[in-house]
Structures are given as structure tokens and as C-alpha cells.
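Report on the structure
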Amino acid sequence: MAVLSPAPTKKSPDEEPAPKRNRGGLAGRLFQFLSTAAGVTILVTLAAVAAFLVIRAWPALTASPEELQKISWFNADSILGYTGPLIFGTLLASVLALGIAVPLALGIALFISHYAPRRLAQGLGYVIDLLAAIPSVVYGLWGALWLAPVLDPVFRWMTDFLGFIPLFEGYQPPAKNILTASVVLAVMILPIITAVAREVFLQTPRLHEEAALALGATRWEMVRMAVLPFGRSGLISASMLGLGRALGETMAVLMILSPGFLYSFHLLKPGQHQSIAANIASKFPEASGLSVNALIATGLALFVITLAVNMLARWIISRRSEFSGAN
């Protein structure tokens, strides 16, 4: 005969054992504090840089034209008149570089991620990444001593046969013009855009690609319908990252470009354009007093342009938040 055991009695709340203490609580709070401190440090650093630029640029922003004219290299009636051509040259060189680099980076990233064999893709990826490790002064030497002579016959042909277009008229050797500087900048930002775009394209859901192929799409149609929409935000982010690098580039532009202070769209003429960063680097060793404040004022303009570019990029990406490959 089976003996029935008594039903277990329910323990009162007072008799229940206390829950084990979360041993990761202290570590979690410490990590949260460090993460918050790191984020605040970035904001404080950004605010400190902005405050420094505004304070040091203020004497030049409020100086009279007579005071500014005492600066030996100042060739304008106001600080805005001096900064305007520099902003134009900086934006023109950066936009041209972006227009050259983005299509190349897009093609290279797609080839590495979806077309090349695995071994070739790995080797090509390493080579592209190595381009980002080359110092800018080396790019400047390469552009001034090797690329400019190579581009010389090309620019001559463009002036001879396309000179009726104002963009390509008036070429004068050597090729120390805005277009040569833009080509060098394009090579410099190419690895940044390619690396980011490649990683985003590789994150495309495999099921999306297989579904497109299963429905009879070709490789290109699959890339167009599945990969490019998914990686659009990432490509925009990569382009804006490369644009930021091009806006602030100094040595390469300084070593290649023949400076000028004009609002000119003549891409092949020397002595037409200058960038903000290259102008600061060339003038700062001899600057003192108010001239230093004038150069810092141009640096403030570059700072504002960089912030505007990043804000524009975030706005574009937020509008396409349904494609979250870059996020």
C-alpha cells in the first residue's frame, strides 16, 4: 500500500530566502559612469574648441578695415571678404574630390563584397586599407612630382578641344590647379569611403539577396534591388566622412595648388583658388597679433562648415531610416 506524502506547505514571505545579490551591479554602474563620462567629454571638447575659436577670432571679426589692412598679406576690405574666396576654394576642391571618389569607391566596394573571389577580395581590401595609412605629405609629393606631369597632356587636350567650355579654358603648365588638387584629394578619401561602404554592403541580409536571385534576378539586379537600398545610408555616411577629410586636408593641397583668392570656376587655371587649411598652414609661421586672429577666424569658418556637413548628413540618413544598414 502506497504511503501518500503530505503536500508541501507554502512558505510565508518571511521564510523565503533573500534573493542573491547581483554581483554585476557595481561593474554595471561603473561601466555606465565611464560611458557617460566619455560622451560628456566629447561634448565638452567640442564646446571648448568652439569657444576657443570664437574668443580668438573675435578681435578680427570686430576689427576695422584700417586695422585689417595693416596685415601684410591681407588683400580684402573685411574679414568676410578675405574668408569668402577661401570657403569657395575649399568647397570646390572637396566637392570635385567627392565626385571623383564616390563612384570609384562604390564600384570597388561592390566588387570586393559581391563579385571578387574570396582571396582576391581579402587582398584588395588590405591594399585599399593601406592607402589610408599613407601620410598626407607623401600624397602631396606624389601629386606634385608625379601626377602633375602625367596630367599635363590630358589638361592640354582638354583646353585645346574643350576650351569653349569655361571650366576647361586657360590651362597653363605646370598642372598646379584646383583639378589636380581634387584628384589627389579623391585618392586620399577613396579608402575611407570604400572601407565603410564595403562593410555596410556585407551586412545586407542574406535572405534578401537569395530571395532576389530565386525570383530570377541577375547579379546586377540583385545588387540594385537588395544591396544598394540597404547600404544607401551607409554610403551617404561614408561620403560625408570622406568630405570631412577633404575639407580639412592641408599639406597635400598646400604642396600642389598654386594659390589665388578668386571666385572662379576655371578648373585648369593656376592661381585661382586656395583652401582654408592650406592658407592657415602657409601664413601661420609669419603671423602675429591681429593676423593670428584673422587666421583663426578663417578656421572658425571651416569649423562651422564641418558641423554643417555633418548635420546635413545626419538629416539625410534620418530621412532614410527604413534602410538601417548604416545604423
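Note that this is a predicted model, so its numbers are computed, not measured.

Turning next to the overall build of the protein. The number of helices and strands found in the protein is 11 helices and 0 strands. Seen in sequence order, the protein has helices and strands lined up from the N terminus as α-α-α-α-α-α-α-α-α-α-α. For the protein, the proportion of its 327 residues judged to be buried stands at 40%. Within the protein, counting contacts between residues at least 6 apart in sequence, those at least 24 apart form 77% of the total.

Where helix α6 (residues 178-202) meets helix α8 (residues 219-248), the axes come as close as 8 Å, and the angle between the chain directions of the two elements is 150 degrees. Of the possible angle classes, the one that applies to α6 and α8 is roughly antiparallel. Crossing of α6 over α8 shows right-handed handedness. Where α6 approaches α8, its residues Leu185, Met188, Ile189, Ile192, Ile193, Val196, Ala197, Val200 and Phe201 are matched on the opposing element by Val227, Leu228, Phe230, Gly231, Gly234, Leu235, Ala238, Ser239, Leu241, Gly242, Arg245 and Ala246. The residue inventory of the contact of α6 with α8, partitioned by class, reads 16 nonpolar, 4 polar and 1 charged.

Attention now moves to helix α1 (residues 25-61). With 37 residues, α1 ought to run about 54 Å at 1.5 Å a step, and its terminal C-alpha atoms sit 52 Å apart, in line with that. Gly25, Leu53, Ala57 and Ala60 are the residues of α1 that are buried.

The next subject is a nonpolar patch on the surface. Taken together, the side chains of Val137, Val138, Leu141, Leu145 and Met251 present a nonpolar region at the surface, about 420 Å² in accessible area. Top contributing element to the nonpolar patch by residue count: helix α5 (residues 136-162), with 4 residues. Within the fold, Leu145 resides in helix α5. When its relative accessible area of 67% is taken as the criterion, Leu145 is described as exposed.

Now for the packing of helix α4 (residues 118-131) against α6. At their nearest, the axes of α4 and α6 sit 8 Å apart, and the two run at 140 degrees to each other. By the angle between their directions, the pair α4 and α6 is classed as oblique. Remark: the crossing between α4 and α6 carries left-handed chirality. Between α4 and α6, the contacting residues are Gly125, Ile128, Asp129 and Leu131 on the first element and Pro191, Thr194, Ala195 and Arg198 on the second. Per-class residue counts for the contact of α4 with α6 are 4 nonpolar, 2 polar and 2 charged.

Relative to the helices and strands, Arg198 resides in helix α6. In terms of polar contacts, Arg198 uses its side chain to reach the side chain of Glu199, at 3.3 Å. In contact with Arg198, not counting residues within four places along its chain, are Ala109, Ile112, Ser113, Gly125 and Asp129.

A word on the confidence of the model for the protein. This prediction gives the protein a mean pLDDT of 85; 90% of its residues lie at or above 70. Counted against residues more than four places away or in other chains, residues 323-327, with its pLDDT under 50, gives 11 contacts.

The next subject is helix α10 (residues 276-283). Counting along an α-helix, one turn takes 3.6 residues, and residues three or four places apart therefore face a common direction. Buried within α10 are the following residues: Ile276, Ala277, Ala278, Asn279 and Lys283. Two or three places before Ala278, at the opening of α10, Ser275 has a side-chain oxygen 3.3 Å from that residue's backbone nitrogen.

Our focus in this paragraph is the nonpolar core. Core analysis: the biggest nonpolar cluster contains 67 residues, and Phe74, Phe155 and Ile193 have the highest contact counts within it. Here this core takes 13 residues from helix α11 (residues 290-319), the largest share from any one element. Apart from residues lying up to four places away in sequence, Ile193 is in contact with Leu98, Ala101, Val102, Ala105, Ala238, Ser239 and Gly242. Counting residues in hydrophobic clusters, the runner-up holds 10 residues, among them Ala109, Phe201, Met222 and Val227.

Moving on to the packing of aromatic side chains. The final tally for this structure, using the stated rule, is 8 aromatic pairs. Here Phe88 and Phe265 contribute two aromatic rings whose centre-to-centre distance is 5.2 Å and whose plane-to-plane angle is 90 degrees, an arrangement assigned as edge-to-face. One end of the pair, Phe88, is in helix α3 (residues 79-115); the other, Phe265, is in the loop between α9 (251-256) and α10, and 177 residues separate them in sequence. The ring of Tyr115 carries Arg219 above its face, with NZ or CZ at 5.7 Å from the centroid.

For the rest of this paragraph, the subject is the environment of Leu106. Topologically, Leu106 is positioned in helix α3. C-alpha of Leu106 to C-alpha of Ala197: the two residues are 91 residues apart in sequence and 7.0 Å apart in space. Beyond its immediate stretch of four places on either side in the chain, Leu106 contacts Phe201, Leu228 and Leu235.

Here the UniProt-annotated "transmembrane region" (unreviewed entry) positions come out as residues 30-55, 86-112, 124-148, 178-197, 246-265 and 292-313. Secondary structure content for residues 86-112 is 100% helix and 0% strand, and the end C-alpha separation is 38 Å. Split by type, residues 246-265 is 45% helix and 0% strand. Its first and last C-alpha atoms lie 19 Å apart.

Analysis parameters
Residues numbered from 1 in each chain as written. Predicted model: local features only at pLDDT ≥ 70, side-chain atom pairs only at ≥ 80, totals over all residues. Heavy atoms only, no water. Helix = DSSP H or I, 4+ residues; strand = E, 2+ residues; numbered from the N terminus. Buried < 20%, exposed > 50% of the residue type's maximum accessible area, 1.4 Å probe, protein only. Contact = heavy atoms within 4.5 Å. Axes fitted to C-alpha atoms, helices over the stretch in contact; angles between N-to-C directions. Parallel < 35°, antiparallel > 145°, perpendicular 65-115°, else oblique. Left-handed = near helix turned anticlockwise from the far one by under 90°. Nonpolar A, V, L, I, M, F, W, Y, C, P; charged D, E, K, R; others polar. Expected span 1.5 Å × (residues − 1). Patch = residues over 30% accessible without salt bridge, like charges linked within 9 Å, V, L, I, M, F, W, Y side chains within 5 Å. Areas by Shrake-Rupley, 256 points an atom, 1.4 Å probe, with all protein chains shown as cover. Salt bridge = Lys/Arg side-chain N within 4 Å of Asp/Glu carboxyl O. Polar contact = N/O pair within 3.5 Å; in protein donor to acceptor, adjacent residues only side chain to side chain. pLDDT = per-residue confidence, 0-100. Core = buried A, V, L, I, M, F, W, Y, C linked by side-chain atoms within 4.5 Å. Phe/Tyr/Trp six-rings, centres within 6.5 Å; stacked < 30°, edge-to-face > 60°. Lys NZ or Arg CZ within 6 Å of the ring centre and 35° of its normal. UniProt positions renumbered as here; feature names shortened; annotations may be inferred.

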